[in-house]
Amino acid sequence: MIENLPLCPKASCEYTYEMNALVVCPECGHERVPAEGGTDSGTPAERVVRDAVGNVLQDGESVVVVKALKVKGSPSGIKAGTKVRNIRLVDGAATTPPTAAARPEAIR
């Protein structure tokens, strides 16, 4: 258990508490993962996005879709095997694991 939990970065609440691996603010409901060593500096950690195989993805890379994806407003969506170039990684996209896999042998 972490002693002297840090203040909530959003509400500055001093009554934060631990719930499993998260630190939770009871006032605003903000949840975050504490930094190593039990201190939270308030700066966000560098995010790492991985594909279905486990390769690290970067903005601007090309990927091949390995599972058919539904697209809101489109009757057909994106079929498996479609090559997507120049991807852009955004926060808050999906809570499920990514469905695109970078397959260098298929991207030429």
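Structure: above.
Residues numbered from 1 in each chain as written. Predicted model: local features only at pLDDT ≥ 70, side-chain atom pairs only at ≥ 80, totals over all residues. Heavy atoms only, no water.

Enquirer: How should I be thinking about the overall build of the chain in this particular structure?
Expert: Each helix and strand in the chain was counted, giving zero helices and eight strands. Along the chain, helices and strands appear, N-terminal first, in the series β-β-β-β-β-β-β-β. For the chain, buried positions account for 22% of its 108 residues. (Helix = DSSP H or I, 4+ residues; strand = E, 2+ residues; numbered from the N terminus. Buried < 20%, exposed > 50% of the residue type's maximum accessible area, 1.4 Å probe, protein only.)

Enquirer: Looking at this structure, how should I read the environment of N20?
Expert: Summarising the element assignment, N20 is placed in the loop between β1 (17-19) and β2 (22-24). Residue classification places N20 among the exposed positions, given a relative accessible area of 75%. Along the primary structure N20 and V33 are separated by 13 residues, whereas in three dimensions their C-alpha atoms are 9.8 Å apart.

Enquirer: Would you explain the sheet that holds β2 in this entry?
Expert: Strand pairing within a sheet occurs via backbone hydrogen bonds; the two strands may be parallel or antiparallel. Pairing is antiparallel in the open sheet, where three strands are placed in the order β1-β2-β3. Edge positions in the open sheet fall to β1 and β3 (31-32), since each of these has one partner strand only. (Pairing = 2+ DSSP bridges.)

Enquirer: How should I be thinking about the environment of L22 in this particular structure?
Expert: Positionally, L22 belongs in strand β2. In this structure, the C-alpha to C-alpha distance between L22 and V33, residues eleven residues apart in sequence, is 4.8 Å. When neighbours within four sequence positions are excluded, L22 is seen to be in contact with Y17, E31, R32, V33 and P34. (Contact = heavy atoms within 4.5 Å.)

Enquirer: What should I look at first to understand the environment of K83 in this one?
Expert: Relative to the assigned elements, K83 resides in strand β7 (residues 83-84). Remark: the alpha-carbon pair of K83 and S62, spanning 21 residues in sequence, is separated by 7.1 Å.

Enquirer: Which parts of the structure should I look at to understand unusual backbone geometry?
Expert: It is generally the case that most residues other than glycine have a negative phi and that most peptide bonds are trans. Look at S12: it is not a glycine, yet its phi comes out positive at around 55 degrees. Relative to the elements of secondary structure, S12 occurs in the segment before β1. Given a relative accessible area of 53%, S12 falls into the exposed group. We note that N86 has phi near 55 degrees; this positive angle belongs to a residue other than glycine. Inspection of the secondary structure puts N86 in the loop between β7 and β8 (100-101).

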